[in-house]
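Here are the chains, one letter per residue:
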Amino acid sequence: MTPRRPLFLLLALLVGFAALVVFTWPQLPERMATHFGAGGQADGWMSRAVGAWGLYFTAVGVAGFVVGMMYAMRFFPPNTMNVPNRDYWFAPEHREGSFAFLLRWGLWFACWKVALAAALYCLIVQANLTTPPRLDNGTVGGLSGAFLAGTAAWIVALLVHFYRKPTIPR
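What you see is a predicted model, and the numbers here were worked out from it, not measured in a lab.

Colleague: Describe the overall build of the protein, naming the residues involved and giving the relevant values.
Modeller: Along the protein, the regular secondary structure elements total five helices and two strands. Secondary structure elements of the protein, listed N to C terminal, follow the sequence α-β-β-α-α-α-α. Here the C-alpha radius of gyration of the protein, 20 Å, is well above what a compact globule of 170 residues would show, namely 15 Å. Seen through its principal axes, the protein has C-alpha atoms that stretch 70 × 25 × 25 Å. Per-residue burial for the protein yields a buried fraction of 35% across its 170 residues. Long-range contacts, defined here as pairs at least 24 residues apart, represent 71% of the contacts in the protein between residues at least 6 apart. Just so you have it, the protein exposes about 10100 Å², and 69% of that area is on carbon and sulfur atoms. Each charge class in the protein was averaged separately, 13 positive and 6 negative side chains, and the resulting centres sit 7 Å apart.

Colleague: If you had to explain the packing of helix 1 (residues 4-24) against helix 4 (residues 95-128) to someone new, which residues and values would you point to?
Modeller: Between helix 1 and helix 4, the least distance of the axes is 8 Å, while the angle of their chain directions is 15°. The angle between the axes of helix 1 and helix 4 places the two elements in the roughly parallel class. In this structure, the crossing between helix 1 and helix 4 has a hand that is left-handed. Where helix 1 approaches helix 4, its residues Arg5, Pro6, Leu7, Leu9, Leu10, Leu13, Leu14, Phe17, Leu20, Val21 and Thr24 are matched on the opposing element by Arg104, Leu107, Trp108, Ala110, Cys111, Val114, Ala115, Ala117, Ala118, Tyr121, Cys122 and Val125. Here the contact of helix 1 with helix 4 is built from residues that sort into 20 nonpolar, one polar and two charged.

Colleague: Describe the confidence of the model for the protein, with residues and values.
Modeller: Mean pLDDT for the protein: 91, with 96% of residues reaching 70 or above. Within the protein, the lowest mean pLDDT, 87, falls on helix 3 (residues 86-89), and the highest, 96, falls on helix 1.

Colleague: I'd like a description of the state of the cysteines, backed by residues and values.
Modeller: Within the structure shown, the criterion is met by zero disulfides. Cysteine 111 forms no disulfide, and the closest cysteine sulfur to it belongs to cysteine 122, at a distance of 17 Å.

Colleague: How would you summarise a nonpolar patch on the surface if you had to cite specific residues and measurements?
Modeller: Judged by side-chain polarity, Phe65, Met69, Tyr71, Phe75 and Phe76 come together as a nonpolar surface patch covering roughly 540 Å² of accessible area. Within the secondary structure, phenylalanine 76 is located in the loop between helix 2 (48-72) and helix 3. According to the relative accessible area criterion, phenylalanine 76 is partly exposed, its value standing at 33%.

Cut-offs applied
Residues numbered from 1 in each chain as written. Predicted model: local features only at pLDDT ≥ 70, side-chain atom pairs only at ≥ 80, totals over all residues. Heavy atoms only, no water. Helix = DSSP H or I, 4+ residues; strand = E, 2+ residues; numbered from the N terminus. Rg over C-alpha atoms; globule rule 2.2 N^0.38 Å. Buried < 20%, exposed > 50% of the residue type's maximum accessible area, 1.4 Å probe, protein only. Contact = heavy atoms within 4.5 Å. Areas by Shrake-Rupley, 256 points an atom, 1.4 Å probe, with all protein chains shown as cover. Lys, Arg positive; Asp, Glu negative; His and termini not counted. Charge placed at Lys NZ, Arg CZ, Asp CG, Glu CD. Axes fitted to C-alpha atoms, helices over the stretch in contact; angles between N-to-C directions. Parallel < 35°, antiparallel > 145°, perpendicular 65-115°, else oblique. Left-handed = near helix turned anticlockwise from the far one by under 90°. Nonpolar A, V, L, I, M, F, W, Y, C, P; charged D, E, K, R; others polar. pLDDT = per-residue confidence, 0-100. Disulfide = S-S within 2.5 Å. Patch = residues over 30% accessible without salt bridge, like charges linked within 9 Å, V, L, I, M, F, W, Y side chains within 5 Å. Salt bridge = Lys/Arg side-chain N within 4 Å of Asp/Glu carboxyl O.

In structure tokens:
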């Protein structure tokens, strides 16, 4: 199984996020609010270039790290893998399929991270369009909840995959 779909989606998300930064650039103040306190009031500032592109390149870095680690796992000894039924999934006859699954799963997770970073960027842009800059805590809370729920679902689905061993008909 090739990871084409999640790879293409990840690339599309990264290109779309970059286009979003370019498109919103003229709307942002030269000194933009980038950190907000508990009440949603701005309490940290950066230049427009560092604030806008910093979040984008952080998302690129996190996505690259996730995908890179999932790919690099194929070079680790099997006894370093902490997954259910490790001996089955990393036996020579299942090893490549397991690593292909992990890479594909890492690509999907990277897509999730980039999409959430782009949504957070949109909230920061929206906050900077008000005077004084103010972040909507309810929306940030919802986004944080979505992040946690999506991450938990990703982990559960990953574990379920490795808990199930295919049965061979007799």
